[in-house]
Number of protein chains: 2
Amino acid sequence: MIRAASKKIVVIGGGTGNFVVLRGLKKYPLDLTAIVSMADDGGSTGILRDELGVLPPGDVRQCLVALSNSSRLMRSLMNYRFENGGLGGHSFGNLLLSALEKVTGSFEKAVEEAGKILYINGKVIPVTMNQVRLKMVLNNRKVLEGEREIYLSQEIDQGYKTIYLEPYPKVNPKVIEEIDSADLVVIGPGGLHTSLIPNLLVEGVSDAICQSDAKKVFVLNLMNRKGQTGGYKASHYLHELVRFLGKDVFDHILINVEKPPKELIDVYANEGELVENDLQDGRILEAHMLGAVAAMAKKDLLKRNLIRHDSNKLAQELMKIVDHI
Amino acid sequence: MIRAASKKIVVIGGGTGNFVVLRGLKKYPLDLTAIVSMADDGGSTGILRDELGVLPPGDVRQCLVALSNSSRLMRSLMNYRFENGGLGGHSFGNLLLSALEKVTGSFEKAVEEAGKILYINGKVIPVTMNQVRLKMVLNNRKVLEGEREIYLSQEIDQGYKTIYLEPYPKVNPKVIEEIDSADLVVIGPGGLHTSLIPNLLVEGVSDAICQSDAKKVFVLNLMNRKGQTGGYKASHYLHELVRFLGKDVFDHILINVEKPPKELIDVYANEGELVENDLQDGRILEAHMLGAVAAMAKKDLLKRNLIRHDSNKLAQELMKIVDHI
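A full pass over the atoms with the stated rule returns one cavity of 30 Å³ or more. Considered as a void within the structure, the largest cavity measures approximately 70 Å³ in volume. Every residue along the wall of the largest cavity is listed here: Met74, Leu77, Phe92, Leu96 and Ile117 of chain A together with Met74, Leu77, Met78, Phe92, Leu96 and Ile117 of chain B. Breaking the lining of the largest cavity down by element, the ones donating at least two residues are α4 (72-79) and α5 (92-104) of chain A together with α4 (72-79) and α5 (92-104) of chain B. The element best represented in the lining of the largest cavity is α4 of chain B, accounting for three residues. The residue makeup of the lining of the largest cavity, split by class, is eleven nonpolar, no polar and no charged.

Now the structure itself:
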């Protein structure tokens, strides 16, 4: 394939949403960059931040694995979680990034070296090199401290006054360069308040997106999370992003229209519901992009992973946009 | 260099002694194999054995690093020790080996994969794949359980009745193949009871060494350890090895004759004293093989590391033997 060989795609997010987009796009001859939120402070990542003072490795690890061309074994190794003792809960990839940060003295260098070890196809760039915490002030004046606390809150869809990173972080200058020179910027899917918006809270990122000549596409989430984005429709997601971008910059909004089986929606009912599209806009691109869930595996999967994008189908739709640039 | 391109050297031991021999020999065009004791149960390795049920990674890690042709950064990473929290004390390389063991389901496969990651020049072969503990019954009937307890005992030079591995381990079949086909077998330097003898306690290893056509060389330790080999001379070391080998098989005994500066010996005085050579044998090879200790670093080094072989000088002496095979 020659098409789009030199097209530069910048994917902005964090967490599993990024993983799905990158894993699909990796198969095309693109110049791929993942820009990753640095607000994670839960689980293994949170412990490493607290105990070792390192920058959060978890979301970066997922992007590295998504872009990796190394063996299946190496990718399994990166995601392997120790089960017992003092190591319990830590994923090996997180430990690799944290040890590399200690040995090289820089998280940026650590990500670069881990990228070499994993033969990644593309770049992974932390949005900031500052140690930041995500904070949110709810309408009821309660202050939520840390991404984990925000992620677990059941009150966010009651409204919040503000969300910010503390201390106010300097952007990693490479982020601005990448956005400036991009042909396509992809935002989403991903946790709205915990993965997408935290990138836009870093100094200069929203301005860079607004000023870039790149086409901008928003990939709408499949599911709302109860207590977080409960009852949100497409317009609510768009409205929130525009609030932090400063401007509605999206050229396209990519929306899945494939309905999951009713039994899956039922299983998910305590977690949240499907996002409805209430937008009727020339920008809306509708497509069938649902990932298949092996019936046998259902019981074993986390509910939040049951309904998700198929990375290949999602990438195909994004490539249709790329081909028209 | 063409000489000895096809000569097969098997180095038997464990711990830092192995590291010094392998690091020096790595620079020559040899077919190098490290056979590694699996009795370690101290520090990071002991915790991983207890908490994760893995085989002991520590000595294997040191051999892998010694044979590695990867970047200096990768070698530093392997030896990096986490300082705080639940990870405190673990070396990254130990975690790599343990995670690989969990992901591949086999320690042997884990060592092989780690060898690829580190581009090792040679092979590292665990002497057994059984979970073993080293035990020692002293003359006073006290039983020491575990390599760590034996290593820390101050009574061993008062005499012991027996030392054994429990359960009695099956040898890794590759060990026998390697010894059978070796041109030179190198035993030592290293902790006599904690690194050298534990290999000879594995079923079939001593017989294989005795029956191999390989030349056999014993590299005598530089220092005795108080409470362990206190007062031992060359003949005592030889006598103990022969006890477990079943036969005096050594073609050469390589002994350092370079005297460390008196101030270093003084610093070491509480730990132990220089090993004297009381053998006068056609097999004795005397050489200057002492490692230089940077004066500035003295304070920071562990005492037991102050007086050690220079890996290059030691390798040169071993290559003189190889060149005559």
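Next comes the rest of the description.
A separate point is the interface of chain A and chain B. Across the boundary between the two partners, chain A contributes 26 residues, which contact 26 residues of chain B. Interface area, chain A with chain B, both sides summed: about 2200 Å², of which 81% is carbon and sulfur. If you sort the residues of chain A by the area they bury against chain B, Leu73, Leu87 and Val103 of chain A come out on top, with a joint share of 23%. The tally of links between chain A and chain B comes to zero salt bridges. The interface formed by chain A and chain B holds three residue pairs in polar contact (both at pLDDT 80 or more) in total. Where the side of chain A that touches chain B is concerned, the elements lending two or more residues are α2 (43-52), α4, α5 and α6 (107-117) of chain A. Counting residues per element, the side of chain A that touches chain B draws most heavily on α5 of chain A, which supplies nine residues. Counted by class, the side of chain A that touches chain B contains 16 nonpolar, seven polar and three charged residues.

As a further point, take the relation of the copies chain A and chain B. It takes a turn of 180 degrees to lay chain A on chain B, together with a shift of 0.0 Å along the axis; the resulting RMSD is 0.0 Å. The two molecules are tied by a two-fold rotation axis, judged by turn and shift. If distances are taken from each C-alpha of chain A to the rotation axis, the shortest is found for glycine 86 of chain A, at 2.1 Å. Taken as a fraction of all interface residues of chain A, those also at the interface in chain B reach 100%, which identifies the copy contact as same-surface.

Below, the discussion takes up the packing of aromatic side chains. Counted according to the given criterion, the structure contains seven aromatic pairs over all chains. Between the NZ or CZ atom of arginine 225 of chain A and the centre of the ring of tyrosine 151 of chain A, over which it lies, the distance is 4.0 Å.

Counted under the stated rule, the structure contains 34 salt bridges over all chains. Across the pair glutamate 317 of chain A and lysine 320 of chain A runs a salt bridge, and its minimum N-O distance is 3.1 Å. With glutamate 317 of chain A and lysine 320 of chain A both in helix α14 (residues 311-323), this residue pair falls three residues apart, about one helical turn. Measuring nitrogen to oxygen at the nearest pair gives 2.9 Å for the salt bridge that ties lysine 8 of chain B to glutamate 178 of chain B. Remark: glutamate 178 of chain B occurs in helix α8 (residues 173-180) and lysine 8 of chain B occurs in strand β1 (residues 8-13); sequence separation between them is 170 residues. With respect to class, lysine 8 of chain B is no different from glutamate 178 of chain B; both count as buried. What you see here is one network of salt bridges that share partners, running through Lys8, Asp31, Lys123 and Glu178 of chain A.

Turning our eyes to something else, we now look at the sheet that holds strand β6 (residues 160-166) of chain A. Residues and elements named next belong to chain A. Read across the open sheet, the three strands follow the order β5-β4-β6; overall the sheet is antiparallel. Edge positions in the sheet fall to β5 (143-145) and β6, since each of these pairs with one other strand and no more. For this sheet, the mean inter-axis angle between neighbouring strands, taken without regard to orientation, is 15 degrees. As judged from the three bridges shared by strand β4 (residues 133-138) and β5, these two strands associate in the antiparallel manner. Considered in β5, the bridge of lysine 135 is made with glutamate 145.

Residue and element names in this part refer to chain B. Within the secondary structure, asparagine 256 sits in strand β9 (residues 252-256). Residue class for asparagine 256 comes out buried when judged on its relative accessible area of 15%. One polar contact links the side chain of asparagine 256 to the main-chain carbonyl oxygen of glutamate 258, over a distance of 2.9 Å. Reaching out from asparagine 256, the side chain makes a polar contact with the backbone nitrogen of methionine 289 at a distance of 2.8 Å.

Quick notes on the rules
Residues numbered from 1 in each chain as written. Chains lettered and ligands numbered in written order. Predicted model: local features only at pLDDT ≥ 70, side-chain atom pairs only at ≥ 80, totals over all residues. Heavy atoms only, no water. 1 Å grid on protein atoms, 1.4 Å probe; cavity = no way out; pocket = protein on both sides within 12 Å on 5 of 7 lines; lining within 4 Å. Points joined across faces, edges and corners; volume = space filled by probe spheres on them. Helix = DSSP H or I, 4+ residues; strand = E, 2+ residues; numbered from the N terminus. Nonpolar A, V, L, I, M, F, W, Y, C, P; charged D, E, K, R; others polar. Contact = heavy atoms within 4.5 Å. Buried area = accessible area lost by both parts, 1.4 Å probe. Salt bridge = Lys/Arg side-chain N within 4 Å of Asp/Glu carboxyl O. Polar contact = N/O pair within 3.5 Å; in protein donor to acceptor, adjacent residues only side chain to side chain. Least-squares fit on C-alpha atoms with pLDDT ≥ 70 in both. Phe/Tyr/Trp six-rings, centres within 6.5 Å; stacked < 30°, edge-to-face > 60°. Lys NZ or Arg CZ within 6 Å of the ring centre and 35° of its normal. Buried < 20%, exposed > 50% of the residue type's maximum accessible area, 1.4 Å probe, protein only. Pairing = 2+ DSSP bridges. Axes fitted to C-alpha atoms, helices over the stretch in contact; angles between N-to-C directions.

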